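# Close look at the chain arrangement
Each chain is listed here by its residues.
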Amino acid sequence: MRPAALFLATRPWSFIMTVLSSALAGALAQEAQAFEPPLFLLTLLALISAHAATNLLNDYFDVRRGVDRPGAPTARYRPHPHLYGQLGTRPLLVYCAALYALAWAVAAYLSLLRGPLILALASAGMVASAFYTMGPLQLKYRAAGELAVFLAWGPLMVSGVYFVLTGRLSAQVLFSSIPMGILVALVLMANNIRDIDYDSASGITTLPSLLGKRRALSLFSALLLLCYAWPPLGVALLNFSPLTLLPLATVGRALALLRDFRRAMPDDADPRTAALLLLFMALYILGLLLGRLLA
């Protein structure tokens, strides 16, 4: 086993989603004058460890179930060391268990500082992580994948990191997490819309295969446009800084993405959605930070 194969199997390019969710919570904590860099970095380490373990476990069960096989859409657009024998089952599972253990150890330490709610949030996140592809829930195969990632990278992660930093929960933070959760769910939905025929032939049910391509694209469009309605709602209802409207500068890119998807779902549908997520959330977080600085 090569270390490079082990690293690639964690899908490190996907960690940007965890970084952005954490950064959003950090910006909101900074707004509340409660940002603590050591706690933030320690929490981020735990979250990235859990994210990496989720990706490894996902690949293990997808290969075991036969969803990922040579020629599958997933195998065409990204490295897949486990599928092609560069990463054996035993080292994959050992590394996965070590990453989960690291995440849990950090959560246990943080619970000493902030109380048992940290363990409750960590437990909820790890249950969603493990049972995303593992039985008996197998959320990914039962049309619940989008809901699971929305909750994990939106309300759970953003509220959890904010709680670590500030010691409290906030309805405003929960509100602010919604676009992040939706956009991560849309990355998965783009992947699943592209793979409708393949997933159906493989005997798994995703939300798009349940809805059909036309209705799935309509839902994708509605959720994406809802993300662009969210910053103005924050300004109007929660007195957010007008600078949180910065993501609206990407609306042209979002509309172009929707036009392209309605013509034909490209092979890179999910990376293109992820690129929009990165730009939208970077501007959203920047708006929060600048609003605090100027205030």
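The paragraphs below set out a description of the structure included in this document. Within every chain, residues take consecutive numbers counted from 1 along the sequence as written. A pLDDT threshold of at least 70 governs which residues receive local features in this predicted model, and a stricter bar of 80 or more applies before side-chain atom pairs are shown or counted, although totals over entire chains, interfaces and linings include all residues. Side-chain measures here rest on the full set of heavy atoms in the structure, leaving out hydrogens and waters.

### Re the packing of aromatic side chains
When the centres of two rings from Phe, Tyr and Trp lie within 6.5 Å, Trp using its six-membered ring, the rings pair. Their planes under 30 degrees apart give stacked, over 60 give edge-to-face, and anything left gives tilted. Applying the stated rule across the entire model yields 7 aromatic pairs. Note on Phe175 and Phe240: the rings are 6.0 Å apart at their centroids and 85° apart in plane angle, and the pair reads as edge-to-face. Here Phe175, found in helix 8 (residues 171-194), pairs with Phe240, found in the loop between helix 11 (213-238) and helix 12 (251-263); they are 65 residues apart in sequence, far enough to count as distant. Put simply, the rings of Phe175, Trp230 and Phe240 pair up and form one aromatic cluster. Helix and strand labels come from DSSP, where a helix needs a run of H or I of at least four residues and a strand needs a run of E of at least two; each type is numbered from the N terminus.

### Regarding a nonpolar patch on the surface
Patch definition: residues above 30% relative accessible area lacking any salt bridge, with like charges linked at up to 9 Å and the nonpolar side chains Val, Leu, Ile, Met, Phe, Trp and Tyr linked at up to 5 Å. Residue exposure ignores everything except the shown protein chains as possible cover, and the areas themselves are Shrake-Rupley values with a 1.4 Å probe. The term salt bridge refers to a pairing of a side-chain nitrogen on Lys or Arg with a carboxyl oxygen on Asp or Glu at a separation within 4 Å. A contiguous nonpolar surface patch, about 410 Å² in accessible area, is contributed by Leu286, Leu290, Leu293 and Leu294. Within the secondary structure layout, Leu293 lies in helix 13 (residues 269-294). Relative accessible area decides the class of each residue, using a 1.4 Å probe on protein chains only: under 20% of the type maximum gives buried, over 50% gives exposed, and in between gives partly exposed. On the basis of relative accessibility, which here comes to 67%, the residue Leu293 falls in the exposed class.

### Here's the deal with the side chain of Ser21
Positionally, Ser21 belongs in helix 2 (residues 15-31). We classify Ser21 as buried; its relative accessible area is 0%.

### Let's talk about the environment of Ala148
Mapped onto the fold, Ala148 is located in helix 7 (residues 145-166). Its relative accessible area of 13% is what places Ala148 among the buried residues. Separated by 121 residues in sequence, Ala148 and Ala269 place their C-alpha atoms 20 Å apart. Contact partners of Ala148, with chain neighbours within four places excluded, come to Tyr132 and Leu139. Whether two residues are in contact is decided by their heavy atoms: any pair within 4.5 Å suffices.

### Observations concerning the packing of helix 2 against helix 13
To describe two helices that pack against each other, one gives the angle between their axes and the distance between the axes. Between N-to-C directions, angles span 0 to 180 degrees; the directions come from axes that are lines fitted to C-alpha atoms, helices contributing only their stretch in contact. At a closest axis distance of 9 Å, the pairing of helix 2 and helix 13 adopts a crossing angle of 15°. For the element pair helix 2 / helix 13, the angle class is roughly parallel. The element helix 2 and its partner helix 13 pack so that their crossing is left-handed. Of the residues in helix 13, those in contact with Ile16, Met17, Leu20, Ala23, Leu24, Ala27, Leu28, Gln30 and Glu31 of helix 2 are Ala274, Leu277, Leu278, Met281, Ala282, Tyr284, Ile285, Leu288, Leu289 and Arg292. Residues were grouped as follows: Ala, Val, Leu, Ile, Met, Phe, Trp, Tyr, Cys and Pro as nonpolar; Asp, Glu, Lys and Arg as charged; and all remaining residues, including Gly, as polar. Looking at the contact of helix 2 with helix 13, its residues break down into 16 nonpolar, 1 polar and 2 charged. These descriptions rest on fixed angle ranges, namely under 35 degrees for roughly parallel, over 145 for roughly antiparallel, 65 to 115 for roughly perpendicular, and the rest for oblique. Two helices that cross are described as forming a left-handed crossing if the nearer one is turned anticlockwise from the farther one by less than a right angle, and a right-handed crossing if clockwise.

### Here's the deal with the pattern of salt bridges
Here the idea is simple: oppositely charged side chains can pair when their charged atoms come close. One pass over the structure, following the stated rule, counts 7 salt bridges. Of the charged contacts in the structure, one is a salt bridge between Lys140 and Asp62, with a shortest N-O distance of 2.4 Å. Here Lys140 is found in the loop between helix 6 (117-130) and helix 7, whereas its partner Asp62 is found in helix 3 (residues 37-65), with 78 residues between them in sequence. Comparing Lys140 with Asp62, the two get one shared label, buried. In this structure, Arg263 engages Asp260 in a salt bridge whose closest nitrogen and oxygen atoms are separated by 2.8 Å. Here Asp260 and Arg263 lie together in helix 12, a separation of 3 residues that amounts to about one turn. Salt bridges sharing common partners tie together Arg194, Asp195 and Asp270.

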